[in-house]
Every structure is written in structure tokens, then in C-alpha cells.
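Letter by letter, the chains look like this.
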Amino acid sequence: PSVLSRHGVVKNEDTFKTSPFHFDLWFYFTLQNWVLDFGRPIAMIILPLEWFPLNKPSAGDYFHMAYNVITPFLLLKLIERSPKTLPRSMVYVSIIMFVMGASIHLVGDSVNHRLIFSGYQHHLSVRENPIIKNLKPETLIDSFELLYYYDEYLGHSMWYIPFFLILFIYFTGCFTPVEEESRMPVPALLLMGPSSLYYWYLVTEGQIFILYIFTFFAMMALVMHQKRKGLVLDSNGLFLFYSFIITLVLIAVWVVWLWNDKILRKKYPGVIYIPEPWAFYTLHMNNLHAAKESL
């Protein structure tokens, strides 16, 4: 029997007993990702500006705070349910870094999204934005670039690297020698669409394609390695693996659709061209500030 396994502390031995599909955790995980992460900027735009003045946290900021608490808790619960003993120290350090990165992102993202109401355009770089390039003294522009760095680079790196690392660590325990157990129940199939679509948003908006594709390749390599041992993915592993595959297809469709967009091409130069959804929105949809004023 497991020792203190109820608390997820340690297990005596690794066995190949298969975990049932964790519908409750995957459902909560997908729901809170959509509501608290994807829904953050939407809540900020939809709710009346009078409720959340520009010099105060927005509704999206409170969504972000809830996300920073709930997501690490769900990740820990997911790790606890693995039938295999996983490296706890690495998991805990990853969770700590995840919370730090998401919290850094909270501050930078809060200011950057509030700037939309002042005319900031996400499809332009910081220095090319009309409301930024005329600031005096010019050193203020450096400060906004620093803010952008904390939001888009440091915050994203410290947030997403531990996030994908934890998912991969969990994935390593999702193998079974029983071929009949390598199938997904109907609830898993129903959750796969929303889960994959969220990962598409995460990769494109977070600009973390390299991290995502390396994680996916590591998953593929592990699957092939375990197959030589006669092991196959269980329902939870299949759910995660297939979600990543569908995500890759969605990213490819997104890139092909916007391949000839000259303005987005200018903001996202280089070999890897994956525009952010919010940059597309501010470029091709109605001006957010004007829309807010008309409400």
C-alpha cells in the first residue's frame, strides 16, 4: 500500500496500476483556463469602466489572481493522482517558479491591457505605438519597454516553462502494459476540443511555440521509447497527447490564414511567424476604445 499517498507525499513503489480518467480535474482545469485566463481581457473590456477605474485593478486582474492560486493547486492534485512516484522536489520548485512567473505577468499584463483604453495597439511594437513614441522625457519609453519585457518575456518564461514541465512530468507516469486500458472514455473526447483550443490560445498569445513543440517532441520520444517496452498510454496520457496534436493542427491553420498579413509580419519577423490573437484583434476588429465609448 502507499505511504501517505492520500497527501501525495511518497509512495512505496511504482506499479503499473492504471488511473481512471480524471474527469473532475481535467474539467476544472479546462474550465478555469477558459474563464480565468482567456476570459481575463474579455472581462476587462465588457464590464463598465466606471466599476474598475484605470488606476485600479481591473476585473481581469482579479481573474488572474484567482488563476494564480487555483492552477498550481490543480497541478499538484494531478501529480498526486499519478500511479507512479514522480520527482517531488522538481514538482515543488516548478510550482514555486510558476506562481512567481504568473505573478510577474499579472502586473505587466494588467498595465498593458489597460493601455488599450488609451489607444495602445498590440499589433505595433512599444516604440511604434502613437501613445508611447511621443512621451517626454524619452527615458519613459525605456520604462514601458521594461514593463513589456517583464510581461512578455520574463513573466511568460517563468510561467510557462514550469507549467509545461509539470505536464510532462505527469505524462511520464501515464503508461500501462494493458492494451485494453489505452482508450479514452466519452468525457475525455468531449473535453479534448475545449482543451486543445485553449492550448492553441496559450501557445499563440504567449508566443511559446518553441517551448510547446519541444514538449510535444519529448512526449513523442517517450511514447516511442515506452512502446519498445510494451507500454502504452492510459486514458489520461492519451487525452494530453491528443490535445497537443490537435493544438499543433490549430496553430498551423492559424499561421496559414494570416500568412500574407503584412502588418503582422512586420511585428513578428523571423523564421517562426505565429501572430498573437490579441494583436490580430486590435488590428482587424473595431477599435476597443471607441467601442467602449459607444456603450
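The shown structure was predicted, so the numbers you read here are calculated from the model rather than taken from an experiment.

(A) Here's a closer look at the UniProt feature "transmembrane region" (unreviewed entry) in the chain. Here the UniProt feature "transmembrane region" (unreviewed entry) sits at residues 62-79, 91-108, 159-178, 208-225 and 237-259. Each end of residues 91-108 is marked by a C-alpha atom, and these two atoms are 26 Å apart; helix forms 100% of the span and strand 0%. Helix makes up 94% of residues 208-225 and strand 0%, whereas the separation of the span's terminal C-alpha atoms amounts to 26 Å.

(B) Molecular detail of the pattern of salt bridges. By the definition in use, this model includes seven salt bridges. A salt bridge links Asp-24 to Arg-81; the nearest nitrogen and oxygen atoms lie 2.8 Å apart. Of the two residues, Asp-24 sits in helix α1 (residues 23-46) while Arg-81 sits in the loop between α2 (59-80) and α3 (88-114), which places them 57 residues apart along the sequence. The class of Asp-24 is partly exposed, set by a relative accessible area of 31%. According to the relative accessible area criterion, Arg-81 is partly exposed, its value standing at 32%. Each of Asp-37, Arg-40 and Asp-109 takes part in a single network of salt bridges with overlapping partners.

(C) Structural context of helix α5 (residues 139-171). Its 33 residues give α5 an end-to-end C-alpha distance of 46 Å, which sits within 8% of 48 Å, the value for a rise of 1.5 Å per residue. Along its length, α5 reaches its greatest deviation from straightness, about 40 degrees, at His-156.

(D) Representation of the packing of α2 against α3 in the model. Where α2 contacts α3, the axes come no closer than 10 Å and their chain directions differ by 165 degrees. What the angle tells us is that α2 and α3 run roughly antiparallel. When you trace α2 past α3, the crossing you get is right-handed. For the pair α2 and α3, contact is made by Asp-61, His-64, Met-65, Tyr-67, Asn-68, Thr-71, Pro-72, Leu-75, Leu-76, Ile-79 and Glu-80 and by Arg-88, Val-91, Tyr-92, Ile-95, Phe-98, Val-99, Ala-102, Ser-103, His-105, Leu-106 and Ser-110, respectively. Looking at the contact of α2 with α3 residue by residue, the classes come out as 13 nonpolar, six polar and three charged.

(E) Structural detail: empty space enclosed by the protein. Scanning the model with the defined rule gives five cavities of 30 Å³ or more in all. Forming the walls of the largest cavity are 22 residues, and the residues nearest its centre are His-105, Asp-109, His-113, Glu-152 and Glu-205. Looking at the lining of the largest cavity, the elements that each hand over two or more residues are α1, α3, α5, α6 (186-206) and α10 (277-284). No other element matches the six residues that α5 contributes to the lining of the largest cavity. Volume-wise, the second largest cavity comes out at about 80 Å³. Lining the second largest cavity, in full, are Arg-40, Pro-41, Met-44, Ser-58, Gly-60, Asp-61, His-64, Leu-106, Asp-109, Ser-110, His-113 and Arg-114. For the lining of the second largest cavity, the secondary structure elements donating two or more residues are α1, α2 and α3. Ranked by residue count, the leading element in the lining of the second largest cavity is α3, at five residues.

Basis of the calculations
Residues numbered from 1 in each chain as written. Predicted model: local features only at pLDDT ≥ 70, side-chain atom pairs only at ≥ 80, totals over all residues. Heavy atoms only, no water. UniProt positions renumbered as here; feature names shortened; annotations may be inferred. Helix = DSSP H or I, 4+ residues; strand = E, 2+ residues; numbered from the N terminus. Salt bridge = Lys/Arg side-chain N within 4 Å of Asp/Glu carboxyl O. Buried < 20%, exposed > 50% of the residue type's maximum accessible area, 1.4 Å probe, protein only. Expected span 1.5 Å × (residues − 1). Bend = angle between axes of the 7 residues up to and from the residue. Axes fitted to C-alpha atoms, helices over the stretch in contact; angles between N-to-C directions. Parallel < 35°, antiparallel > 145°, perpendicular 65-115°, else oblique. Left-handed = near helix turned anticlockwise from the far one by under 90°. Contact = heavy atoms within 4.5 Å. Nonpolar A, V, L, I, M, F, W, Y, C, P; charged D, E, K, R; others polar. 1 Å grid on protein atoms, 1.4 Å probe; cavity = no way out; pocket = protein on both sides within 12 Å on 5 of 7 lines; lining within 4 Å. Points joined across faces, edges and corners; volume = space filled by probe spheres on them.

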